[in-house]
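# Understanding the architecture of this molecule
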Amino acid sequence: MSIQEAAGAAFRQAYGTEPAGFWAAPGRVNLIGEHTDYNDGFVLPFALPQRTIAAVGPSTDGRWSVCSTIAADPVTFGVTEPGEVTGWGAYVAGVVWALREAGHEVPPVRIALASDVPLGAGVSSSAAMESVVLTALIDVGGLDVPLEKRPAIAQRAENLYVGAPTGILDQSASIRCQEGRALFLDCRSYEVEQIPFDLAAEGLAILVINSNAPHQHVDGEYGARRKTCEASASALGVTALRDVSVPELPQALERLDDDVMRRRTRHIVTENQRVLDTVSLLRSGRVREIGPLLTASHASMRDDFEITVPQVDVAVQAALESGAYGARMTGGGFGGCVLALVDADRADACAAAVATAYEQHEFTAPTSWVAVAGPGATRL
Ligand code: ADP
Ligand code: MG
């Protein structure tokens with residue numbers, strides 16, 4: 001059964017009727033630019049072929065209902081404030097709340113969700129879920145919300161209703177990415193450039209390796225990184241660390257008296273530059289040459305930002321030893337996925353090399369797939 005069929009079946013089972021339509025929104029991998037989003041910096045995600053699909057139909061009682069193939073019972077709610085709906089239903093109630101907060105009349109609907117985006121693996125199943133619900137509500141209600149304003153609404157749902165202090169990366173990727181493109185996003189202006197990203201034409205592939213490492217301390221550590229970056233920007237007298245350039249970095253570091261703060265700052269400043277360098281190389285078709293930037297990004301996340309875990313470090317090392325041009329953890333960290341840039345005909349060998357390294361370390365086996373840049377949120 002396809003994901004769309006699963007969503008339709010879940011809808012019929014929960015509500016005893018046919019859905020009026022289907023919407024889809026993807027998970028994402030971030031090619032480069034980690035933790036730069038909430039520092040007003042640059043990111044470069046692309047959409048995964050894995051998507052969350054919503055079967056949607058009108059509500060009969062003026063309330064909203066949502067069910068999911070991962071949870072047996074529908075969650076039903078009326079107009080709510082943050083804190084009133086908890087658990088996985090909060091992502092949906094949060095989107096309704098954030099749309100209403102933005103001044104929109106949100107149509108009451110019934111929703112059934114199905115997804116092949118791995119949950120809690122750092123490829124943003126939460127943003128896929130928010131984005132599909134947001135897009136469906138906008139289309140069904142005929143709401144006037146331009147594409148570039150949508151990610152911030154979904155982000156408010158996650159920040160203020162669910163309570164996760166994430167940046168704008170995930171929702172921007174799920175909503176604004178295009179097939180065959182990587183999304184170069186300025187997280188300050190929300191300006192985007194769609195960068196051609198056809199790896200197959202170059203004989204290349206991005207292998208995504210889910211470390212399957214247990215996610216631990218994610219929210220607390222994420223919030224701590226964010227606080228340190230904000231404190232550093234404030235100590236340096238800038239709006240955000242985006243405003244420090246690589247040539248200015250040595251002087252900026254001298255003005256910070258805390259070593260942790262210095263290392264967090266160095267990661268953000270150098271990572272922003274690596275995004276810009278990656279974009280330049282991709283624009284001029286020098287795709288293989290982004291490899292060292294990916295690997296440098298990983299070292300920076302491991303040593304300066306301290307957000308990796310042994311499973312992702314081992315995956316990166318094994319991928320590089322098997323001949324990858326570059327490899328890095330992708331996503332917020334503390335587990336999640338690694339991506340490796342490989343010759344297309346070496347993808348299986350790379351996945352096997354990582355699996356062997358995991359066996360040697362007695363880690364839970366990884367799961368790997370080749371990711372091709374897919375479309376963003378859409379009506380089906
Ligand atoms: P990630 O976004 O990296 O996958 P998060 O912890 O941010 O990890 O989000 C995962 C959570 O999102 C799940 O625990 C669940 O509450 C919710 N979620 C995501 N997709 C679905 C879905 N299809 N059905 C129900 N809940 C979902
Ligand atoms: Mg998430």
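Our subject is the structure that appears above.
Below you will find a few notes about this structure. On a predicted model such as this, the values are computed, not experimentally measured, just so you know.

## Looking at the site of ligand 1
Near ligand 1 there are 15 residues, and of these Ser-68, Gly-120, Gly-122, Ser-125 and Ser-126 occur at the shortest range. Ser-68 has a polar side-chain atom sitting 2.7 Å from a nitrogen atom of ligand 1. Between ligand 1 and the protein, one listed contact pairs an oxygen atom with a side-chain N or O atom of Ser-126 at 3.0 Å. About the coverage of ligand 1: the protein hides 79% of its 570 Å² of free accessible area. Judged by its atoms lying within 2 Å of the grid points, ligand 1 is housed in the second largest pocket. Of the residues forming the shell around ligand 1, the biggest block, three residues, is contributed by helix α3 (residues 125-141).

## Points about the pairing of strand β4 (residues 64-68)
Counting buried positions over the five residues of β4 gives five, a clear majority of the element. Burial along β4 is two-sided: the face carrying Trp-64, Val-66 and Ser-68 and the face carrying Ser-65 and Cys-67 are both buried. Between the end of β4 and the start of strand β5 (residues 71-77), which pair antiparallel, lie two residues. As paired strands, β4 and strand β6 (residues 109-115) are joined by four bridges and run parallel to one another.

## With respect to the pattern of salt bridges
Across all of its chains, the model carries 20 salt bridges by this definition. For Arg-28, the salt bridge is made with Asp-170, and the minimal N-O distance between the two is 2.7 Å. Of this pair, Arg-28 sits in strand β1 (residues 21-30) while Asp-170 sits in helix α5 (residues 169-176); the two residues are 142 residues apart in sequence, bridging distant segments of the chain. Neither residue differs from the other here; Arg-28 and Asp-170 are each classed as buried. Asp-259 is paired through a salt bridge with Arg-262; the nearest N and O atoms lie 3.9 Å apart. Taken together, the residues Asp-259 and Arg-262, both in helix α8 (residues 259-283) and three residues apart, mark about one turn of the helix. Arg-262 sits in the partly exposed class, given a relative accessible area of 27%. Connected through shared salt-bridge partners, Asp-259, Arg-262, Arg-263, Arg-264 and Glu-306 make up one network.

## Focus on the sheet that holds β4
On the basis of which strands lie adjacent, the open sheet formed by six strands has the order β5-β4-β6-β3-β1-β13 and mixed pairing. Looking at the sheet topology across the chains shown, the edges are occupied by β5 and β13 (378-379). Here nine bridges tie β1 to strand β3 (residues 45-58), and the two strands are oriented antiparallel to one another. Residue pairing for β3: Ala-24 is matched across the bridge by Ile-53. In the packing of helix α1 (residues 3-15) onto the sheet, the strands contacted are β1, β3, β4, β5 and β6, and the crossing angle to β6 comes to about 140°.

## Side note on the side chain of Glu-34
Locating Glu-34 in the fold gives a position in the loop between β1 and β2 (42-43). Overall, the relative accessible area of 2% leaves Glu-34 in the buried class. When residues no more than four places from it in sequence are discounted, the contact partners of Glu-34 are Leu-169, His-267, Ile-268, Glu-271, Met-301, Arg-328, Met-329, Thr-330, Gly-331 and Gly-332.

## Some points on the environment of Leu-31
Tracing the sequence through the fold places Leu-31 in the loop between β1 and β2. It is 18 Å that separates the C-alpha atoms of Leu-31 and Arg-51, two residues lying 20 residues apart in sequence. The contact partners of Leu-31, leaving out residues within four places of it in the chain, are Leu-44, Pro-45, Phe-46, Phe-197, Ile-206, Thr-278, Leu-282, Ile-290, Leu-294, Arg-328 and Leu-339.

## Some thoughts on the sheet that holds β2
With respect to topology, three strands assemble into an open sheet ordered β2-β7-β8, the strand pairing being antiparallel. Among the strands making up the open sheet, the edge pair consists of β2 and β8 (192-196). As judged from the two bridges shared by β2 and strand β7 (residues 181-186), these two strands associate in the antiparallel manner. The partner of Val-43 across the bridge, within β7, is Leu-185.

## Details of the nonpolar core
Residues Leu-207, Ala-319, Ala-340, Val-342 and Val-354 are the most contacted members of the largest nonpolar core, which totals 41 residues. Those elements giving two or more residues to this core turn out to be β9 (204-210), α6 (218-236), α7 (249-254), α8, α10 (310-321), β10 (326-330), β11 (337-343) and α11 (347-361). Discounting chain neighbours no more than four positions away, the residues touching Val-342 are Gly-203, Leu-204, Ala-205, Leu-207, Ala-324, Tyr-325, Ala-347 and Cys-350. One finds Val-56, Trp-64, Tyr-161 and Ala-377 within the second-largest nonpolar core, a separate group that totals 35 residues.

## A look at the packing of helix α2 (residues 89-101) against α3
Between α2 and α3, whose axes approach to 9 Å, the crossing angle comes to 45°. Here α3 runs oblique to α2, going by the angle between their axes. The way α2 lies across α3 gives a crossing that is right-handed. Across the interface between the two elements, Tyr-91, Val-92, Val-95, Val-96 and Leu-99 of α2 pack against Ser-126, Met-129, Glu-130, Val-133, Leu-134, Leu-137 and Ile-138 of α3. Classifying every residue of the contact of α2 with α3 by side-chain character gives 10 nonpolar, one polar and one charged.

Cut-offs applied
Residues numbered from 1 in each chain as written. Chains lettered and ligands numbered in written order. Predicted model: local features only at pLDDT ≥ 70, side-chain atom pairs only at ≥ 80, totals over all residues. Heavy atoms only, no water. Near = heavy atom within 4 Å. Polar contact = N/O pair within 3.5 Å; in protein donor to acceptor, adjacent residues only side chain to side chain. Areas by Shrake-Rupley, 256 points an atom, 1.4 Å probe, with all protein chains shown as cover. 1 Å grid on protein atoms, 1.4 Å probe; cavity = no way out; pocket = protein on both sides within 12 Å on 5 of 7 lines; lining within 4 Å. Sits in = over half its atoms within 2 Å of the grid points. Helix = DSSP H or I, 4+ residues; strand = E, 2+ residues; numbered from the N terminus. Buried < 20%, exposed > 50% of the residue type's maximum accessible area, 1.4 Å probe, protein only. Pairing = 2+ DSSP bridges. Salt bridge = Lys/Arg side-chain N within 4 Å of Asp/Glu carboxyl O. Contact = heavy atoms within 4.5 Å. Axes fitted to C-alpha atoms, helices over the stretch in contact; angles between N-to-C directions. Core = buried A, V, L, I, M, F, W, Y, C linked by side-chain atoms within 4.5 Å. Parallel < 35°, antiparallel > 145°, perpendicular 65-115°, else oblique. Left-handed = near helix turned anticlockwise from the far one by under 90°. Nonpolar A, V, L, I, M, F, W, Y, C, P; charged D, E, K, R; others polar.

Geometry only, nothing functional implied.
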